Structures are given as C-alpha cells and as structure tokens.
Amino acid sequence: AALKTTADFQMLRATLDAVMGSSAKGEQAFQWAIDFAQTTPFQLREVIQLMTQMSAMQLNPFKDLKSIGDAALGNFERAQRVVTALGQMKTKGFVSGEELMQLQEAAIPATKILADHFKLTADQLKNIGELRLPADSAIAAILKATDRRFAGAMVRQMDTIQGKISSLMDAKDKYLNAIGTALAPTLMAALDKVSAWLSDRKNVEKGVKFFMGALTIAQMVAEVLQRAIKAFTESKGVPKFVYELEL
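Position labels on residues start from 1 in each chain and follow its written sequence. The model is predicted, so local features are restricted to residues of pLDDT at least 70 and side-chain atom pairs to those at 80 or more, both for listing and for counting; the totals for chains, interfaces and linings are taken over all residues. The basis for the side-chain values is all heavy atoms of the structure; hydrogens and waters are excluded.

### Quick look at the layout of surface pockets
Point 1. Lining residues are defined by having an atom within 4 Å of a point belonging to a cavity or pocket. Those points lie on a 1 Å grid over the protein atoms alone, cavities being sets where a 1.4 Å probe fits but cannot get out and pockets being open sets with protein on both sides within 12 Å along at least five of seven lines. Grid points are joined across faces, edges and corners, and a volume is the space filled by probe spheres set on the points. In this model, the largest pocket occupies a volume close to 210 Å³.
Point 2. Lining the largest pocket are Pro109, Lys112, Ile113, Asp116, His117, Ala141, Lys144, Ala145, Arg148 and Arg149.
Point 3. Helix and strand assignments follow DSSP, with helices taken as H or I runs no shorter than four residues and strands as E runs no shorter than two, numbered in order from the N terminus. Looking at the lining of the largest pocket, the elements that each hand over two or more residues are α7 (110-118) and α9 (135-150).
Point 4. Per-element tally for the lining of the largest pocket: the top contributor is α9, with five residues.
Point 5. Volume-wise, the second largest pocket comes out at about 160 Å³.
Point 6. In this structure, the second largest pocket is lined by Leu59, Asn60, Lys63, Asp64, Ser67, Lys90, Asp136, Ile139, Ala140, Leu143, Lys144 and Asp147.
Point 7. For the lining of the second largest pocket, the elements supplying multiple residues, two or more each, are α4 (61-71) and α9.
Point 8. If you tally residues by element for the lining of the second largest pocket, the top one is α9, at six residues.
Point 9. Here the residues of the lining of the second largest pocket are counted per class, giving four nonpolar, two polar and six charged. Note on residue classes: Ala, Val, Leu, Ile, Met, Phe, Trp, Tyr, Cys and Pro are nonpolar, Asp, Glu, Lys and Arg are charged, and everything else, Gly too, is polar.

In structure tokens form, the structure reads like this:
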C-alpha cells in the first residue's frame, strides 16, 4: 500500500511538473495541493485534477480554487462543472447563456450576479451573449459574489463526518507516502537490475532453456507417476476409474 501510494504521488507530481512547466514549479504546486487537500473536503487527486483543468483553461488555481471550492460546497463534481463553465467563458472571451446555465445548475446565481454587476435590464439578459460582456470582468464578479455568499463553506464541511473522513484519508496517504518514499530507492534499484537482466539476450536464452528443461522434467515425472499408478491399480484390483484420473 505504501509503495502504491508513493507511485500515485509520483504520477501526480509528474502531472504538475508538465502543467507548471518545470520541476521546481511542479514541486511548489504539489506542496500547495497537499496543504489545500488537508484543509478541504477534496482528496489530493481531486485537487490536482482541478488544478490541471483550471491551468488548461487559463484560470489561476492558486488564486481562485478556494472560491470555486466554497461555491461548490466542497463537492468535486460540482467544482468541475464550475471550472468548466468559467473556463469556457475565459476561452471564448465573453459571456454566453450556455455558461450561465451551467453555473445556475451548480447552484451559482450567475445571471443575477452579472445583472447586478453590469446593471443589465431584463431585455438585455434575454440576449446576454450578444452583449459580448468581457469574460475576465464577469469571472471576477462571479467569484467575488460567491466569496460573499459561500465564504467558509469548505471549512464547515470539514466539521462533518464526511469531512473528518476526508481529512483522515489525506493523513493516511501522507503517512503511506512517507514510508513508500523511504522504500522507493531500494525498489527502483532492484527493478533496474531486473530490467537490465531481462534486457540481456543471453539471460533470456538461459531463462528459456531453464523453463523448457523444467517443463520436460515435469512431463517425465508425470508419465512415470501415471505408469506407476496404472501398474498399482492393475495389480491390486483398484477400480479402473482411479488410474484414469488426471494428475
């Protein structure tokens, strides 16, 4: 379990290295993700998945993930929907009804927030996509409003049974990773030696010969035993079905 956890952590860290553009930035992001996971209902894998998704959509996870997490009430699937909606808005460069509907489905009153922020009339709201409202201003307004509305939601979630379980799982993974990290160098060295041995054609040929030899011996032993059983049953009058049984 410890080595499996460490292997998972290494894969997550490699993901952040690629997303952040360097090993140093990846390490900083990974430590940030660990701290964030320990104080929120999200598991580390979920945090890194959200960070990756946000970075791909030109959103800043270090700045905005807490606001999104609170708005999603600490629910991973809801947080994904919020990130997708804001990311699509960011990519398009303007507000459209599609993203507002997605946010409404995630329990964020985005239409009302933008109506108040941009002073929009009812008629303007009906054709909001035609107004080409700037995405950056809209996203900032939505996150600011959700901060007021949902502030501290994840902290409150952590004071529930599910929140305590989430915290326990994070602590367990951190503990197992510490053990796995200590064991990893020995395991990796052993794996390198096995890989090198298998890469040597001579060793492979020896292995095949050994296997074939062992198989031949097993077949010979089976034949001898079969003959012995047959001779015994014929001499002692043992019912025929006994020696017909396969070894």
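Let us keep going from here.
### A few points about empty space enclosed by the protein
Point 1. Taken as a whole, this structure holds one cavity of 30 Å³ or more when the rule is applied.
Point 2. The calculated volume of the largest cavity comes to roughly 70 Å³.
Point 3. When its residues are assigned to classes, the lining of the largest cavity shows four nonpolar, one polar and three charged.

### Notes on the packing of helix α1 (residues 2-20) against helix α3 (residues 44-56)
In helix packing, the relevant descriptors are the interaxial angle and the interaxial distance, both defined with respect to the helix axes.
Point 1. Where α1 meets α3, the closest approach of the two axes is 10 Å, and the angle between their N-to-C directions is 15°. Judged by the inter-axis angle, α1 sits roughly parallel to α3. In this structure, α1 crosses over α3, and the sense of that crossing is left-handed. In this structure, α1 uses Asp8, Phe9, Leu12, Thr15, Leu16, Val19 and Met20 to contact α3, whose residues at the interface are Leu44, Arg45, Ile48, Met51, Thr52 and Ser55.
Point 2. Along the lines of polarity and charge, the residues of the contact of α1 with α3 split into eight nonpolar, three polar and two charged. Lines are fitted to the C-alpha atoms to define the axes, a helix being fitted only along its stretch in contact, and any angle between axes, read from their N-to-C directions, falls within 0 to 180 degrees. Should an angle lie under 35 degrees it is considered roughly parallel, over 145 roughly antiparallel, and from 65 to 115 roughly perpendicular; all remaining angles are considered oblique. Crossing handedness is read from the near helix: turned anticlockwise from the far helix by less than a right angle, it gives a left-handed crossing, and turned clockwise, a right-handed one. For this analysis, residues touch if any pair of their heavy atoms sits within 4.5 Å.

### Points about α7
Point 1. Buried, partly exposed and exposed residues are distinguished by accessible area as a fraction of the type maximum, computed with a 1.4 Å probe on protein chains only: under 20%, between the cut-offs, and over 50%, respectively. Buried residues of α7: Ala110, Ile113, Leu114 and Ala115, and no others.
Point 2. Turning to α7, the residues buried within the fold contact α6 (97-105), α8 (122-126) and α9.

### As for the packing of aromatic side chains
Point 1. To pair, rings of Phe, Tyr and Trp, with the six-membered ring standing in for Trp, must have centres within 6.5 Å; the planes then decide the type, stacked if under 30 degrees apart, edge-to-face if over 60, and tilted in the middle. Per the counting criterion, the structure on display carries four aromatic pairs.
Point 2. With centroids separated by 5.1 Å and ring planes inclined at 80°, the aromatic side chains of Trp32 and Phe62 adopt a geometry described as edge-to-face. You can see Trp32 sitting in helix α2 (residues 23-38) and its partner Phe62 sitting in helix α4, a full 30 residues away along the chain.
Point 3. Judged by its relative accessible area of 25%, Trp32 falls in the partly exposed class.
Point 4. Here Phe36 and Phe42 contribute two aromatic rings whose centre-to-centre distance is 6.5 Å and whose plane-to-plane angle is 10°, an arrangement assigned as stacked.

### A word on the environment of Asp17
Point 1. Locating Asp17 in the fold gives a position in helix α1.
Point 2. It is 16 Å that separates the C-alpha atoms of Asp17 and Asn60, two residues lying 43 residues apart in sequence.
Point 3. Not counting residues within four places of it along the chain, the set of residues in contact with Asp17 comprises Ser22, Ser23, Gly26 and Glu27.
Point 4. Throughout this description, a polar contact denotes any pair of N or O atoms lying within 3.5 Å of each other; where both atoms belong to protein, one of them has to be capable of donating a hydrogen while the other can accept it, and for residues adjacent in sequence the pair is counted only when both atoms sit in side chains. In terms of polar contacts, Asp17 uses its side chain to reach the side chain of Arg13, at 2.8 Å.

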